[in-house]
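# Chains, contacts and geometry: an overview
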Amino acid sequence: MKYVFVFAWCLVSGISFAQQKTIGIFKNNKDIGKPINAGGASYDEATQSYTLKGAGYNIWFERDEFNYLYNKIGGDFIITANFEFIGKGTDPHRKIGLMVRESEDEKAAGINATLHGDGLTVLQWRELRGAFMRDPEDEIFPPKFNYTIMQLERVGKNIIMRAAHPGEPLQMLGSHTLNSLKDSVLVGLFISSHNKDVVEQARVWNVRIDRPVPDNYNPGKEGWIGCRLETMNVFDGKRKVIYEKNGRFEAPNWMTDGKKLLINMDGSLYTVPVEGGEPQKLNTGSANRLNNDHVISFNGKMIAISNHREGATGGGSAVYVLPVEGGEPRLITEETPSYLHGWAPNNKEVVYVATRPDNPTYDIYKKTIDGKSKEVMLTNTAKNEHVDGCEYSPDGKYIYYNGSQSGTMQIWRMKPDGTGHEQLTFDQYNNWFPHISPDGKWIAYISFPYDIPVNSHPSYKRVTLKLMPTAGGAPKVIAYLYGGQGTINVPSWSPDSKSIAFVSNSGK
């Protein structure tokens, strides 16, 4: 099967309603049920958003009329998108949303995550071809209205609906098992005007179709699943895919010139233009076993990296520094394992997490890069505790990190001398890798589900990216994605403090 996502820059450009072979990530667009007014769909390559238009009497009873933008997909999947109607509209029951359908037949069995014009949000289904959809037997009504972010996940024959209001975590609104569901189904976006004489329009963005893997998936044996390099404006939540690969890459930094991103791939570093393009390898000399820890100094002149030293103990990861334009790296930490996470604003020292022979749990250390001083341990974890993701604030007043001393992995900060530990997040999620915006006002971080091991940050999970003020205040969700390890391990803010870069995942 071809990879579900295709490069945005390879798609048919423009936003006309012409019958295009592909429209964004979708291969098919069709009016279902022969509505008397034609619908259509378009894709704006610049914003990676969709405009839907469609008519039709309804999606109900024994047959449907609507416009459908879709792909044929076999096996399990997750489809997620943001929705909004365009214009005031005619009928309060006009509909947009996500659909899983057995065929293009107007009477086909299927299930829909539906937002109505009046804000009603429901999960609706037709059990068998030609069966009458019944009210309330064939739908689930959540207690809230106006969900503009919706998700459908297929697990075997079970379809799960989740939804959220902007800034909130996805909530499970219900699920239904369609026993007649075949392996290959139609999956995509729909619009129906609920009035055969009217054409309605809607806008859809952040559309992602992910192919999850089983919890016991072994990438070492079965191969790494695909990756997307994405950028996002953290204030409006609009995301763009700028590079994809049917394989693994991780952990983007935003270069200080604002024009390129830096990623780890196949043990090396590569730069990728922010507007998209092919990666270019950065010279790291003899260091060719890099992991996903690489950080650019505040003055933009140096890169610190974690590279695995052949024959070293504890996995062999050691911290090195090299010029930002590339060159032979210089070793900073003799002892291993040492995993880099941040620079000090003075550009003279780095912070990292490490274990040592007399200290088997991970702690945060700092060390100058001139080689003239010993490393300084800043935390003192107890048995079963873990700390990670240490990063200085731009003003040098704090080191932010994630730690599990409360029993849940949460975001913390401390003074640079290791005193004054302060917990900043308090929720059921496992929160990792706090990254501070260059202007010092915001913290972006990743939240893992509450049901994973507290000290683990695995790949291939339904995770969220969150944003909170450094001055204090509640966090809000800014992105819903399939990812985890490698998504946002390193500082990834744009120089103007408006955007972040991250990696999301999807299988074949």
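Anyway, here's the lowdown on the structure attached to this text. The residue numbers shown here count from 1 along each chain, following its written sequence. Where totals are concerned, whole chains, interfaces and linings use all residues; where local detail is concerned, this predicted model gives features only for residues with pLDDT of at least 70, and gives and counts side-chain atom pairs only at 80 or more. Computation of side-chain values: all heavy atoms of the structure, hydrogens and water removed.

### Some remarks on the nonpolar core
- In these notes, a set of buried Ala, Val, Leu, Ile, Met, Phe, Trp, Tyr and Cys residues joined through side-chain atoms within 4.5 Å is what counts as a nonpolar core. Each residue is placed in one exposure class: buried if its accessible area under a 1.4 Å probe, protein chains only, is under 20% of its type's maximum, exposed if it is over 50%, and partly exposed if it falls in between. Core analysis: the largest hydrophobic core is formed by 39 residues, its most contacted members being Tyr50, Leu98, Leu152 and Leu189.
- In this text, helices come from DSSP runs of H or I with a minimum length of four residues, and strands from runs of E with a minimum of two, each type numbered from the N-terminal end. Counting residues per element, this core draws most heavily on strand 7 (residues 77-86), at five residues.
- Counting 19 residues, the second-largest nonpolar core is a separate cluster that includes Val463, Leu465, Leu467 and Ile500.

### Quick look at the packing of aromatic side chains
- Centres within 6.5 Å make a pair out of two Phe, Tyr or Trp rings, where for Trp the six-membered ring is used; the pair is then stacked when the planes are under 30 degrees apart, edge-to-face when over 60, and tilted otherwise. Per the stated rule, a full pass over the model turns up 16 aromatic pairs.
- Relative to Tyr365, the ring of Tyr352 lies with its centre 6.0 Å away and its plane at 10°, an arrangement referred to as stacked. Of this pair, Tyr352 sits in strand 28 (residues 349-356) while Tyr365 sits in strand 29 (residues 359-368), placing them 13 residues apart in sequence. Note on accessibility: Tyr352 and Tyr365 belong to one class, buried.
- Between the aromatic rings of Trp432 and Phe448, the centroid separation amounts to 6.4 Å while the plane-to-plane angle is 75°, which identifies the pairing as edge-to-face. One end of the pair, Trp432, is in strand 35 (residues 430-436); the other, Phe448, is in strand 36 (residues 442-448), and 16 residues separate them in sequence. Per residue, the accessibility class of Trp432 equals that of Phe448, and both read buried.
- If you follow Lys238 out to its NZ or CZ, it ends over the ring of Trp205, 5.1 Å from the centre.
- Looking at Arg413, its charged tip hangs above the ring of Tyr398, at a distance of 4.0 Å from the centre. Our definition puts a charge over a ring when NZ of Lys or CZ of Arg is within 6 Å of the ring centre and also within 35 degrees of the ring normal.

### A look at the pattern of salt bridges
- By salt bridge we mean one thing: a side-chain nitrogen of Lys or Arg within 4 Å of a carboxyl oxygen of Asp or Glu. In this structure the tally under the stated criterion is 25 salt bridges.
- Residue Asp215 pairs with Lys461 through a salt bridge whose shortest N-O separation is 3.4 Å. With Asp215 in the loop between strand 16 (200-210) and helix 1 (219-222) and Lys461 in strand 37 (residues 461-469), this pair connects stretches of sequence that are 246 residues apart.
- A residue is classified by how much of its surface remains accessible, and Asp215, at 72% relative accessible area, is exposed.
- Arg356 is the salt-bridge partner of Glu335, the closest N and O atoms lying 3.7 Å from each other. Taken together, the positions of Glu335 in the loop between strand 26 (330-331) and strand 27 (338-343) and Arg356 in strand 28 put the pair 21 residues apart, joining distant regions of the chain.
- Owing to a relative accessible area of 6%, Arg356 belongs among the buried residues under this scheme.
- Here the salt bridges share partners, and the residues they tie into one network are Arg63, Glu65 and Glu106.

### Focus: the sheet that holds strand 17 (residues 226-233)
- Taken in spatial order, the three strands make up an open sheet running 18-17-39, and their pairing is antiparallel. Strands at the two margins of the open sheet, each flanked by one partner only, are strand 18 (239-245) and strand 39 (499-506). Each strand of the sheet is rotated relative to its neighbour by a mean of 25°, with strand direction disregarded.
- Whether two strands pair depends on DSSP finding at least two bridges between them. Note: strand 17 against strand 18, six bridges, orientation antiparallel. Residue pairing in the sheet places Met232 in a bridge with Arg239 of strand 18. Only C-alpha atoms enter the line fits that serve as axes; for helices the fit covers just the stretch in contact. Angles between N-to-C directions range over 0 to 180 degrees.

So yeah, pure geometry; function would need other evidence.
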